[in-house]
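Below, each chain spelled out in residue letters.
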Amino acid sequence: MDQSLIRNFCIIAHIDHGKSTLADRLMELTGAVRSDEISEQMLDSMDLERERGITIKAKAIRLNYKAKDGKIYRLNLIDTPGHVDFSYEVSRTLAACEGAVLVIDATQGIQAQTLSNVYIAMDHNLEIIPAMNKIDLQGSEPERVLQEISAVLGFKKEEVLLMSAKTGVGVPELLEQIVQRIPPPQGDNALPLRALIFDSHYDVYKGVIAHIRVVDGSITKGTRLHLMGSGTDMEILETGYFVPKPYPASELSAGDVGYIATGLKSVGECRVGDTITTVANGATELLLGYDPPKPMIFAGIYPTQPEDYLELREAIEKLSLNDASLTFEPEFSPILGNGFRCGLLGLLHLDIVCERLEREFSLSLVVTVPGVKYLVTKTNGQKITVINPAELPEPSGIAIMEEPWVKISIITPSLFIGALMDLTRESEGIYKHTEYMGQFTTGGELGQRVRLEYEMPLRSMLATFYDQLKSRSRGYASLDHEFIGYRETKLIKLEILVNGVTVDAFSRIVPPDKAHDIGKAMVVRLKKSIPRQLFQVPLQAAIGGHVVAREDISAKRKDVLAKCYGGDITRKRKLLEQQKEGKKKMKSIGKVEIPKEAFLDVLKLNQE
Amino acid sequence: MLLVRHILEKYLRICYNCIVLSTSAIALYVHIPFCRRKCNYCSFISYENKESSIPDYILALQKELLYYTGSNTISSIYFGGGTPSLLSVKQLNDILQTIHTVFRVDDKSEISLEANPGTIDTNYLSAIRKAGFNRLSLGIQSLQDKELAILGRIHTTDEARAAIGFARNAGFDNLNLDLIYGLPGQTLAEWHDTLLATITLGAEHLSLYGLSLEQNTPLWQAIEEKSIPAPDPDLCADQYEMAEDILSSYDYQQYEISNWAKAGRECRHNLVYWQYRSYLGIGVGAHSFTGNRRFSNTPELDTYIPIFTNDLAPVYDVNEKINPQLQIAERIILGLRLNRGIIIAELNHQSGINIMEYYNKQIKELTTAGLLEYKNGILRLTRRGRPLSNEVFWRFLPD
């Protein structure tokens, strides 16, 4: 096909701003699916995505659109993940497009993550079509949001399309603008093949399916291909595109978007961002820098029942075939038994992984508090990385310790600036910048919208930062963050001793000046969640063997069934059996029976 | 069709008999599931506002008793509830008559009736004494009116004191009083007063029960809603220890976790439960035990009455065979409730295993923790172990 008739674009939108509804409407209007075939938001294929209203894996759909000029255009709609945990994937998706439709909710305005995605799109020189969605809703504030779009992003008000993806108003105009404003691909069919992988997933029958954008040259079935970043060679079993169901084709040529089935066993061998060329007469230059994301946070994942360990291992292995960003290594905790220390892109990624493990593999999990990766240079010169608090050396053994920092960007109505500044200060944030987004105030006394920029240890974001941000701003503030590098820090390991025994799963890495408060809070919480035993149980928080806080659980004195009524011994025995079963579910540490819930309680403890 | 049903029922009836057939005398429990008003803490099988069903219920009871024709000798009879004293003298007499028709009742049998102090007078008690009841158990529960109000009892402390007078006038020389401690807001001093006042009433037997909060009872609800304070378990333990100390200095010998008696006045009927001997329960929700099998009637009054009235096959709520391993555990759990403890040699003989060896780990843990003691071949709960007895008992259950 003539490249001048191809338009490759994506939709940039915040969660719930209407991206999936718009995609449905575009498919319906171009006849890719009939309206009665649309099962609400077809692009999100996983149940989980649909329930959470976010998209985890990008896919592309080919739409044939007859424009007003009478020509039939091929529109490739490439879906993007909406969450900052997947920002690497977003940047690769955007690199596969020439244009983007920026969807902004007329009731909410620009959100922090949308802004960061728009900046990425601008970096890639994408043509951006701003569209304000949900104009049909009561409570929409088109004037204010238009003003915001123009102040923050520099668009003229008349450039912004007003639409409602739900009712369809403005969507035909959007299709025309896509054709008119987004430039066609400029690749060369005669050059050696270069195609960008912007998504991949594992299929049991066909191996890894890579979603690709062909930039130069062409791909045909059976060709031997080479991945320039990872060095993998492979043969194409099948090629084609989605309409939205997969549709095999004999060839994908320059400017096209589609998929290839590779037969590879794991997405790790065929990762997003890599450049595909042919083995014979291949290209020499990659399309983009190949730099797959590395896990930023780490958490222990354990089966609730120790006997489920092998099942958990199998489940994580299967999941990782489809998720190249998930790393895992076996870990043993004297308390929780056998499990895995998993590396993840962020908290949402952790949530998704845990939920999939529980849902798709029917597992019950215990997840420890997520932490970051510390770089430690020991006094003997040895450099180590620490992803499990239990492995942190004693303070005397540490020469230099470094931890990851992030730049965070918060967009909030000005009313909440004070509360959010307190929050960031408590979270060790360093103030960088404030930016007012237009002169209009939002409805009520919320004030003008403001963007705040801070630098903060990533560690501070992992406890309750996001929840606090939401609750202190009545839900109005939005957050974006970006890794900026490692900085030197001085942190110590806080240990908890139950009846004199150190419990590894309770250890955490904290700033020295907060150790006492956190330690106190932990033992107080533990006192509430550990039932009384037959003897007194001391709970201690300690730093390097020095106790900083202590609580005692006094010995239990009463546990008796009173009346043996009318010979109903069965009921009494059943109660005792329940008691025995309950004890079985507890972990015995230093003779103390600790319920599983106590671990979760204390791990989720608010650091403040 | 009719014939088949007839044969089937005959067969079921024979089976039912076989179950209970035992060579030694058994204890008989009769459940009377009616109350004028249900108490705030009560989760027992009892119904309020159903007194109109009493005549039908008595008919069904008598029919159920007939199922056991030709069976055993009875050594004790216990009418529990509910409120058995809601029945008229004639109704109680009718039931006793049927019992005498069906069983051979030992002349020296202990025949007890539970009574609510708000439902009785001297005439009534004289008549039932004459009918054969020789032991009366009065649920006085407390001697503080504000506590009776929390419990939702239908009587006052004055009525409780009066009831004891009626019982003595009527010739009852074997009297039990029930008390409940560990009440919301009950202080140690108040409990001390109740104990001393109770002692002056001079009953032969005392049962002291720590309040157990059962789900969905009004008291449980009120505590959930925080409209009254939750009982403090440590205070409850203090109250229990206080009772042990005071009662022993007034000639009340503790013989079971919750029971005290003057010399020779232990409740023979209840001893049957703890000594793992056979008993038969009659009435809605009543439990029976044969040595290796336990079963209970349906707890639904509306099921119980038609079944037995129409000679239909009984509907069991519980019906379990107790395997030898579980029998040993139950023997230990029930036997340890008694202050005399368990004679290990006897249990070794009964079970055919070496108990001290078999339960070595548990016994060692519990003696170390100070809940059990083993002396002169006898295993018993310590003073600390009694109020913590569940912690002892569950450890003896089989895996």
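Residues numbered from 1 in each chain as written. Chains lettered and ligands numbered in written order. Predicted model: local features only at pLDDT ≥ 70, side-chain atom pairs only at ≥ 80, totals over all residues.

**Q** In this structure, what is going on with the overall build of chain A? I would like to understand it.
**A** Counting its regular elements, chain A contains 13 helices and 34 strands. Here chain A holds 608 residues, and 45% of them are scored as buried. Taking the intrachain contacts of chain A between residues at least 6 apart in sequence as the baseline, contacts between residues at least 24 apart amount to 71%. (Helix = DSSP H or I, 4+ residues; strand = E, 2+ residues; numbered from the N terminus. Buried ≥ 20, exposed ≤ 12 C-beta atoms within 10 Å, placed from the backbone. Contact = placed C-beta atoms within 7 Å.)

**Q** Quick question: what am I supposed to make of the overall build of chain B here?
**A** When you go through chain B residue by residue, the secondary structure sums to 16 helices and 17 strands. Put simply, chain B has 399 residues, and 40% of those count as buried. A fraction of 72% describes how many contacts in chain B between residues 6 or more apart in sequence connect residues 24 or more apart.

**Q** Mind showing me how you'd approach the sheet that holds strand β17 (residues 378-381) of chain B here?
**A** Two orientations exist for strands paired in a sheet by backbone hydrogen bonds: parallel and antiparallel. All names here are of chain B. The strand order β15-β17-β16 describes an open sheet built from three strands, whose pairing is antiparallel. If you trace the sheet from one side to the other, it starts and ends with β15 (342-343) and β16 (372-375), each paired once. Note: β16 against β17, four bridges, orientation antiparallel. For L372, the partnering residue across the bridge sits in β17 and is L381. (Pairing = 2+ DSSP bridges.)

**Q** Explanation requested: the interface of chain A and chain B in the structure shown.
**A** When the parts come together, some accessible area is lost, and that loss is often what is quoted as the size of the interface. Contacts between chain A and chain B engage 22 residues on the former and 33 residues on the latter. Taken together, the residues of the side of chain A that touches chain B sort by class into nine nonpolar, four polar and nine charged. (Nonpolar A, V, L, I, M, F, W, Y, C, P; charged D, E, K, R; others polar.)

**Q** Before we go on, may I ask you to explain the sheet that holds strand β1 (residues 6-13) of chain A in this structure?
**A** All names here are of chain A. What the six strands build is an open sheet, ordered β2-β3-β1-β4-β5-β6; its pairing is mixed. Looking along the sheet, the strands with just one partner apiece sit at the ends: β2 (60-66) and β6 (161-162). Of the strand pairs in this sheet, β1 and strand β3 (residues 72-78) are connected by five bridges, and their pairing is parallel. Each residue of the ladder has a partner; that of N8, found in β3, is N76. Here helix α1 (residues 19-29) sits on the sheet in contact with β1, β2, β3, β4 (99-105) and β5 (127-133), set at roughly 150° to β1. Contacting β4, β5 and β6, helix α5 (residues 142-153) crosses the sheet at an angle of about 160° to β5. (Axes fitted to C-alpha atoms, helices over the stretch in contact; angles between N-to-C directions.)

**Q** Honestly, helix α7 (residues 309-321) of chain A in this entry has me stumped. Any pointers?
**A** For an α-helix the count is 3.6 residues per turn, leaving residues at separations of three or four pointing the same way. Residue and element names in this part refer to chain A. Between its terminal C-alpha atoms α7 stretches 19 Å, which fits the 18 Å expected from 13 residues at 1.5 Å a residue. Along α7, the residues classified as buried are L312, A315 and I316. The buried residues of α7 all sit within an arc of 100° when viewed along its axis, so they share a single face. Counted as exposed and oriented over 90 degrees from the buried face of α7: L310, E314 and E317. Lining the buried residues of α7 we find β17 (297-303), β18 (327-333), β19 (337-344) and α8 (347-360). (Expected span 1.5 Å × (residues − 1). Arc of directions from axis to C-beta.)

**Q** Would you mind going over unusual backbone geometry with me for this structure?
**A** Most peptide bonds adopt trans geometry, and most residues besides glycine take a negative phi value. All names here are of chain B. Residues G81 and G82 are joined by a peptide bond in cis, for which omega reads 15°. Checked against the element boundaries, G82 lands in the loop between β4 (73-81) and α3 (89-102). Although it is not a glycine, K226 adopts a positive phi angle of roughly 65°. You can see K226 is positioned in the loop between α8 (218-224) and α9 (233-248).

**Q** So what exactly am I meant to see when it comes to the packing of helix α3 (residues 87-95) of chain A against helix α4 (residues 112-123) of chain A here?
**A** Between two packed helices, what matters for the description is the angle formed by their axes and the separation of those axes. Residue and element names in this part refer to chain A. It is the contact of α3 with α4, at a shortest axis distance of 9 Å, that shows an interaxial angle of 40°. The angle between α3 and α4 falls in the class oblique. Note on packing geometry: the crossing formed by α3 with α4 is right-handed. Across the interface between the two elements, V90, S91 and L94 of α3 pack against N117, I120 and A121 of α4. Here the residues of the contact of α3 with α4 are counted per class, giving four nonpolar, two polar and no charged. (Parallel < 35°, antiparallel > 145°, perpendicular 65-115°, else oblique. Left-handed = near helix turned anticlockwise from the far one by under 90°.)

**Q** Quick question: what am I supposed to make of the confidence of the model for chain B here?
**A** Predicted coordinates in regions of low pLDDT should not be interpreted in detail. All names here are of chain B. Looking at chain B, the pLDDT average stands at 92 and 94% of residues meet or exceed 70. Every residue in residues 1-8 is under pLDDT 50, and counting partners more than four places away or in other chains gives zero contacts. Contacts for the low-pLDDT stretch residues 10-21, under 50 throughout, to residues beyond four places or in other chains number 15 contacts. Model confidence for the complex is summarised by a pTM of 0.68, with the ipTM given as 0.91. (pLDDT = per-residue confidence, 0-100.)

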